[in-house]
Amino acid sequence: MPDNAPTQLIDSFGRRVTYVRMSITDRCDFRCVYCMDEEMIFMPREKLLTLEEIAFLMQAFCELGVEQIRITGGEPLVRKNVDGLMQQLGALKQTTGLKQLTLTTNGSRLSRYSQTFYDAGLDRINISLDSLKPERFKQLTRTGKLDTVLAGIKAAQQAGLTKLKINAVIMTGRNEDEIIDLAQFSLEHKMDISYIEEMPLGHVTHDRQESYCSSDTVRDTLKTAFNLTESTVTTGGPSRYFHIAGYDNRIGFISPHSHNFCASCNRVRVTAEGRLLLCLGQEHSVDLRHIMRAHPNDMPRLKQTLIKAMAIKPESHDFKIDAPQPIIFRHMSVTGG
Ligand code: SAM
Ligand code: SF4
């Protein structure tokens, strides 16, 4: 790179990218109804970035000012040697400006990995949990077992991973009667909780217009049981947070439809096959796998590619829940939540 080349990732709207979500697999041991079809065709393994390529790419991002990495999927913990990857990424905190290493998981394999992840320097975990009723949990995830996820949460806390957040997608007619119970459970177990509005990503078997439940509806339900006070904290993402007297943990709402969050967007995503997505709701992308395989271990070239990619980061997403077809044909499991 020339001496005067930019050393940070700044897009054409002046937004600095400091946060990367890296999907390390599109596969999953669950088939959540809002995320996947019952039958899914996954990517051939040779198309996925190798763990070495992922670690190299994350180093490039961190050397360009990225401060937070979130590992996601699909279900990241079904990827073989995910523990070794986490150790490599944790080490970037010593050598770069990386401050936060975080994970989004369905929790099914947390019992196995929690201690290694804690030792590797993992800071936070988001765990998906949409129901506390075993039968319903099974219906919503199609293959998941509630007990295994609850055991995973316990294992994480026992290992010292105390910054946990529950992610719950609320769907009308499916689990909206558990809005209050899920908050109660999270707060009593010293976890934050975020309620997520269902997004029209990929084709699924139900009608998303019928199941859509807005954050405003969820908040009105919570207000019947709790006294919510709005928090001033922002994360640069689509979340708004609230406190409840008597509890340290927070309740958040992720509302891509009802509240536009694009002006403060600080993030990009990388799919499991190495496609850099500049926006969750748009198709602008760069094929990083191609660059890395054509020029292996060429750090200056990779960084230059990332810097140039900033020019095509769109100003905002374009979600519409009432569109007749999904706007984005990628499932969330491909994009990485
Ligand atoms: N498998 C992990 C999990 O479930 O947490 C990580 C990947 S998953 C794609 C990340 C998050 O996306 C989860 O919290 C899930 O509930 C959410 N999600 C998946 N599909 C969604 C959709 N169509 N709309 C809103 N959230 C979705
Ligand atoms: Fe798997 Fe997560 Fe999608 Fe559920 S939300 S199917 S756990 S990737």
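Shown above is the structure to which this text applies.
What comes next concerns the included structure. Owing to the predicted nature of the structure, the values given are computational and were not obtained by experimental measurement.

### Notes on the overall build of the protein chain
Along its length, the protein chain carries 11 helices and 12 strands. The buried share among the 337 residues of the protein chain stands at 58%. When contacts within the protein chain are restricted to residue pairs at least 6 apart in sequence, long-range pairs at least 24 apart make up 74% of them. Total accessible area on the protein chain stands at roughly 14,700 Å², and carbon and sulfur atoms take up 49% of it.

### Topic: the site of ligand 2
Near ligand 2, the surroundings consist of Cys 28, Phe 30, Arg 31, Cys 32, Cys 35, Met 36, Gly 74 and Asn 106. A class-by-class count of the residues in the shell around ligand 2 yields 5 nonpolar, 2 polar and 1 charged.

### As for the environment of Leu 161
Looking at the secondary structure, you find Leu 161 in the loop between helix H5 (146-159) and strand S5 (164-169). For the pair Leu 161 and Phe 117, spaced 44 residues apart in sequence, the C-alpha separation works out to 8.5 Å. Excluding its chain neighbours within four sequence positions, the residues that come into contact with Leu 161 are Ser 114, Phe 117, Tyr 118, Leu 122, Ile 125 and Ala 156.

### Focus on the site of ligand 1
Contacts to ligand 1 come from 19 residues, most closely from Tyr 34, Gly 74, Glu 75, Ser 128 and Met 199. At a separation of 2.6 Å, an oxygen atom of ligand 1 approaches a polar side-chain atom of Ser 128. Mapped by element, the contributors of at least two residues to the shell around ligand 1 are strand S3 (100-105) and S5.

### Here's the deal with unusual backbone geometry
Although it is not a glycine, Asn 81 sits at a positive phi angle of roughly 65°. Given a relative accessible area of 48%, Asn 81 falls into the partly exposed group. Positive phi, normally seen in glycine, also occurs at Lys 190, with a value near 55°. On the secondary structure map, Lys 190 appears in the loop between helix H6 (179-188) and strand S6 (192-196). Overall, Lys 190 belongs to the exposed group, its relative accessible area being 62%.

### A few points about the packing of H6 against helix H8 (residues 215-223)
The geometry of H6 relative to H8 is characterised by a closest axis approach of 9 Å and an angle of 70° between their N-to-C directions. Classed by the angle they form, the pair H6 and H8 counts as roughly perpendicular. H8 is crossed by H6, and the crossing has right-handed handedness. Note on element contacts: H8 touches H6 through Val 218, Thr 221 and Leu 222, opposite Ile 179, Ile 180 and Ala 183. By residue class, the composition of the contact of H6 with H8 is 5 nonpolar, 1 polar and no charged.

### So, the packing of helix H1 (residues 51-63) against helix H2 (residues 82-95)
Geometry of a packed helix pair, given as the angle between the helix axes and the separation of the axes. For the pair H1 and H2, the least separation of the axes is 10 Å and the interaxial angle reads 15°. Looking at the two axes, H1 sits roughly parallel to H2. Where H1 crosses over H2, the handedness of that crossing is right-handed. On the side of H1, the interface is formed by Leu 51, Ile 54, Ala 55, Met 58, Gln 59 and Cys 62, while H2 contributes Leu 85, Gln 88, Leu 89 and Leu 92. Residue composition of the contact of H1 with H2, by class: 8 nonpolar, 2 polar and no charged.

### Observations concerning the packing of aromatic side chains
Scanning the entire structure with this criterion turns up 4 aromatic pairs. A ring pair is formed by Tyr 113 and Phe 117, whose centres lie 5.4 Å apart and whose planes are at 5°; its orientation type is stacked. Here Tyr 113 pairs with Phe 117, and both are found in helix H3 (residues 110-120), just 4 residues apart, close to one helical turn. We note that Tyr 113, like Phe 117, is buried. Above the plane of the ring of Tyr 241 lies Arg 250, whose end atom (NZ or CZ) is 3.9 Å from the centre.

### Details of H3
Turning to H3, its buried residues are Leu 110, Tyr 113, Ser 114, Phe 117 and Ala 120. End-on, the buried residues of H3 take up no more than an arc of 135°, which puts them together on one face. Exposed and facing more than 90 degrees away from the buried side of H3 are Arg 112 and Asp 119. Contacts from the buried residues of H3 go to H2, S3, strand S4 (124-128) and H5. Directly after H3, the chain includes Gly 121, whose backbone phi takes a positive value near 105°.

Parameters and conventions
Residues numbered from 1 in each chain as written. Chains lettered and ligands numbered in written order. Predicted model: local features only at pLDDT ≥ 70, side-chain atom pairs only at ≥ 80, totals over all residues. Heavy atoms only, no water. Helix = DSSP H or I, 4+ residues; strand = E, 2+ residues; numbered from the N terminus. Buried < 20%, exposed > 50% of the residue type's maximum accessible area, 1.4 Å probe, protein only. Contact = heavy atoms within 4.5 Å. Areas by Shrake-Rupley, 256 points an atom, 1.4 Å probe, with all protein chains shown as cover. Near = heavy atom within 4 Å. Nonpolar A, V, L, I, M, F, W, Y, C, P; charged D, E, K, R; others polar. Polar contact = N/O pair within 3.5 Å; in protein donor to acceptor, adjacent residues only side chain to side chain. Axes fitted to C-alpha atoms, helices over the stretch in contact; angles between N-to-C directions. Parallel < 35°, antiparallel > 145°, perpendicular 65-115°, else oblique. Left-handed = near helix turned anticlockwise from the far one by under 90°. Phe/Tyr/Trp six-rings, centres within 6.5 Å; stacked < 30°, edge-to-face > 60°. Lys NZ or Arg CZ within 6 Å of the ring centre and 35° of its normal. Arc of directions from axis to C-beta.

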